[in-house]
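# Observations on the three-dimensional arrangement
These are the residues of each chain, in order.
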Amino acid sequence: MDGSAALVSGGGSGIGRACAAALVADGAAVTIFGRTESKLADAVSRLTDLAAPGGSASYVVADVTDESDVESVVAAAAEPTGNLDIVVANAGGGGALGPLHTHDLADFTRVLHLNVLGTMLLAKHSIPWLAKTRGSFVAISSIAGHLTHRWFGAYPVAKAGVEEMIRNAADEYGPLGIRFNAVRPGFTATELMDGVPRDSATFASYQENTPLEGVGEPADIAHLVRFLAGDEARWITGQVIDVDGGHSLRRGPDYSMFAGIDPTDPTLGLA
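Residues numbered from 1 in each chain as written. Predicted model: local features only at pLDDT ≥ 70, side-chain atom pairs only at ≥ 80, totals over all residues. Heavy atoms only, no water.

Turning to the sheet that holds strand β1 (residues 5–9), a few remarks are in order. Strand order in this open sheet of seven strands is β3-β2-β1-β4-β5-β6-β7, and the pairing throughout is parallel. Each edge of the open sheet carries a strand with a single partner, namely β3 (56–61) and β7 (240–243). For this sheet, the mean angle separating the axes of adjacent strands, direction not counted, is 20°. Where β1 meets strand β4 (residues 86–89), three bridges bridge the pair, whose relative direction is parallel. Bridge assignment links valine 8 to a residue of β4, and that residue is valine 88. Across the sheet, helix α7 (residues 218–229) lies against β4, β5 (136–140), β6 (179–185) and β7, angled at about 170° from β6, the strand it touches most. (Pairing = 2+ DSSP bridges. Helix = DSSP H or I, 4+ residues; strand = E, 2+ residues; numbered from the N terminus. Axes fitted to C-alpha atoms, helices over the stretch in contact; angles between N-to-C directions. Contact = heavy atoms within 4.5 Å.)

Rendered as structure tokens:
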């Protein structure tokens, strides 16, 4: 990827940093962005150590839900080479857990803004650049985008929205040579998932529904993102691919303990 420029949102940790690492190790000039400068600076230090000849790493502090921030960071990502070839829309997150009737409107809306509108803004402002290079846009979704995750409120809705946006964009911009794809991670060993105790019923529900057992690593996601970003995937667009050890073959996880749900109460507190 020597000579290519890439932009990764939420690149300061977890899956985003792993994606940036896979790209910079193959020679790309990678720009990461997020809201926490300390995480970004630490990530760039690590990425620089991994850079292949021609590769480089830099960061910009920016909020993916702020349109002026996104427009600026897209332009910054193109500075190293004068072009933009790859965009990885990784920034996202969830909110409070609980039955749908208990969710706060402001928090529900925040989750939709972060995941759906954040991805939309990144696509909107990178498309003119990607059209010049016949580039690749890869969004990080979740198995929650198509496999029910009870009590997750806005998060499954948001990820399903991201996936449909990607499919539509692939159809719309295919004639310009831009490829749009998405990746659905399952349980992945990131800082976020450290909050699920390994001796809990929730973790057990992941294990019993994952044919390969164990958990995924951020690099497992990054390997696929690197492939989809490169010329090897030139004939792949509009696809949403699971990287989950087979979890999507079965059923969603049980987060009742985190949502404060009594699994023996069929009324969900409405009685």
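The next thing to look at is the packing of helix α3 (residues 67–78) against helix α4 (residues 105–133). Contact geometry of α3 with α4 gives a least axis separation of 9 Å together with a crossing angle of 35°. When the axes of α3 and α4 are compared, the crossing they make is right-handed. Every residue of α4 that contacts α3 at Glu67, Val70, Glu71, Val74, Ala75 and Ala78 is listed here: Leu121, Leu122, Lys124, His125, Ser126 and Trp129. Residues belonging to the contact of α3 with α4 are distributed by class as follows: seven nonpolar, two polar and three charged. (Left-handed = near helix turned anticlockwise from the far one by under 90°. Nonpolar A, V, L, I, M, F, W, Y, C, P; charged D, E, K, R; others polar.)

Here we take up the nonpolar core. Proteins that are soluble and globular tend to have nonpolar side chains buried together. Within the largest apolar cluster, 35 residues are counted, with the highest numbers of intra-cluster contacts made by Leu7, Leu84, Leu122, Phe137 and Phe180. Take this core: its biggest share by element is nine residues, from α4. By size, the runner-up hydrophobic cluster in this structure holds 31 residues, among which are Ala6, Leu40, Val183 and Ala233. (Core = buried A, V, L, I, M, F, W, Y, C linked by side-chain atoms within 4.5 Å. Buried < 20%, exposed > 50% of the residue type's maximum accessible area, 1.4 Å probe, protein only.)

This part covers the layout of surface pockets. The volume enclosed by the largest pocket comes to roughly 1300 Å³. Considering the residues around the largest pocket, the lining is formed by 47 residues, among which Gly92, Gly93, Gly94, Thr190 and Leu192 are closest to the centre. Residue assignment for the lining of the largest pocket shows that the elements contributing at least two residues are α1 (14–24), β2 (29–34), α2 (37–50), α4 and α5 (154–173). The greatest single-element share of the lining of the largest pocket, amounting to three residues, is contributed by α1. Across the lining of the largest pocket, the residue classes break down as 21 nonpolar, 20 polar and six charged. (1 Å grid on protein atoms, 1.4 Å probe; cavity = no way out; pocket = protein on both sides within 12 Å on 5 of 7 lines; lining within 4 Å. Points joined across faces, edges and corners; volume = space filled by probe spheres on them.)

As enumerated under the stated definition, the model contains eight aromatic pairs in all. Measuring from centroid to centroid gives 4.8 Å for phenylalanine 152 and tyrosine 255, while their planes differ by 80°, and the two rings are edge-to-face. Of this pair, phenylalanine 152 sits in the loop between β5 and α5 while tyrosine 255 is found in the loop between β7 and α8 (256–259), placing the two residues 103 residues apart along the sequence. Residue class for tyrosine 255 comes out buried when judged on its relative accessible area of 6%. With a centroid separation of 5.5 Å and an interplanar angle of 45°, the aromatic rings of tyrosine 255 and phenylalanine 258 are classed as tilted. Overall, the relative accessible area of 34% leaves phenylalanine 258 in the partly exposed class. Taken together, the ring pairs in this structure connect Phe152, Tyr155, Phe187, Phe203, Tyr206, Tyr255 and Phe258 into an aromatic cluster. Across the ring face of tryptophan 129, the terminal group of lysine 132 is positioned such that the distance to the ring centre comes to 4.6 Å. (Phe/Tyr/Trp six-rings, centres within 6.5 Å; stacked < 30°, edge-to-face > 60°. Lys NZ or Arg CZ within 6 Å of the ring centre and 35° of its normal.)

Quick look at the pairing of β3 now. Bridge analysis of β2 against β3 gives six bridges, and the strand direction is parallel. Residue valine 30 lies in a different strand from β3, and its bridge partner there is alanine 57. For the crossover from β2 across α2 to β3, the handedness is right-handed. (Right-handed = clockwise from strand over helix to strand, strands pointing away.)

Here α1 crosses α2 at 30°, and the two axes come no closer than 9 Å. Classified by the angle between their axes, α1 and α2 sit roughly parallel to one another. Helix-helix and strand crossings are classified by hand; for α1 and α2 the assignment is right-handed. When α1 is examined against α2, the residues Arg17, Ala20, Ala21 and Val24 are found in contact with a partner set consisting of Asp42, Ala43, Arg46, Leu47 and Leu50. For the contact of α1 with α2, the per-class residue count stands at six nonpolar, no polar and three charged. (Parallel < 35°, antiparallel > 145°, perpendicular 65-115°, else oblique.)

Further remarks concern the environment of glutamate 191. Tracing the backbone through its elements, the reader meets glutamate 191 in the loop between β6 and α6 (201–208). C-alpha of glutamate 191 to C-alpha of threonine 148: the two residues are 43 residues apart in sequence and 23 Å apart in space. Apart from the residues lying within four places of it in its own chain, the contact partners of glutamate 191 are Ser13 and Gly14.

Residue placement: serine 38 occurs in helix α2. Each C-alpha atom of the pair serine 38 and valine 61 lies 9.8 Å from the other, and the pair is 23 residues apart in sequence.

In short, shape yes, function no, at least from these values alone.
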